[in-house]
Every structure is written in structure tokens, then in C-alpha cells.
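Coordinates in review
One letter stands for each residue in the lines below.
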Amino acid sequence: MNAYKKEWIDLLLKQNYPGWLIADDRNNIFINIPEDQDLEIAMTEFKKKIRLLTLKIKSKPDKLGFFIGNSKDSRFYELNA
């Protein structure tokens, strides 16, 4: 795992996302949200939050993808360096 992705995972784990499981998934980050959370709302909030968190990342930026979902559905969001 590269330093950029590790820093993102560490930062996401410190956020207050109740019930979210965050893990390394090869080239991307996988985020499993609880079944009772609306995926569209979760994605909208995640995209807003990610913009603010980008300012806290110190490692050299790299292309990174986030799979967000649960057993019902999932979405992919790519953060370009």
C-alpha cells in the first residue's frame, strides 16, 4: 500500500462515520456502509467531506478510487491527483 492511500485510510478511520467499515482493496479503498443507510445520501455527504479532507493529506497525490456501498448496491468515486 502506498503512503498516499495509507494516509487516506488512516484519516477516514478517524472520521465519525457510524457503522462504516473502511478497508484497503488493492488499488482502491473499500467502504462498507450499513444496510439501513441511503447510499445516495452517503455518497453526497462523502463527496463533500472528501473535499475538506484532501487539505489534510500530506503525501504526494496519486489517483485513488473509493468503492462505497453495501450488499444492496455500490458506487465508485475516483479522486484524481
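Remarks on helix H1 (residues 3-13)
Buried within H1 we find Tyr4, Lys5, Glu7, Trp8, Ile9, Leu11 and Leu12. Buried-residue contacts for H1 involve strand S1 (21-25), strand S2 (28-32), helix H2 (39-54), strand S3 (64-69) and strand S4 (74-79). Structurally, the start of H1 carries an N-cap: the backbone nitrogen of Tyr4 is 3.1 Å from a side-chain oxygen of Asn2.

Remarks on the pairing of S1
Of the pairings in the sheet, the one linking S1 to S2 comprises five bridges and is antiparallel in character. Pairing of Asp25 across the sheet is with Asn28, part of S2. Counted between consecutive antiparallel strands, the loop separating S1 from S2 contains two residues, among which Arg26 sits at a positive phi close to 55 degrees.

A few points about the environment of Tyr17
Positionally, Tyr17 belongs in the loop between H1 and S1. By relative accessible area, which is 15% here, Tyr17 ends up buried. Contacts of Tyr17, omitting those with residues within four sequence positions, involve Leu12, Phe46 and Lys49.

Cut-offs and rules
- Residues numbered from 1 in each chain as written.
- Predicted model: local features only at pLDDT ≥ 70, side-chain atom pairs only at ≥ 80, totals over all residues.
- Heavy atoms only, no water.
- Buried < 20%, exposed > 50% of the residue type's maximum accessible area, 1.4 Å probe, protein only.
- Helix = DSSP H or I, 4+ residues; strand = E, 2+ residues; numbered from the N terminus.
- Contact = heavy atoms within 4.5 Å.
- Polar contact = N/O pair within 3.5 Å; in protein donor to acceptor, adjacent residues only side chain to side chain.
- Pairing = 2+ DSSP bridges.

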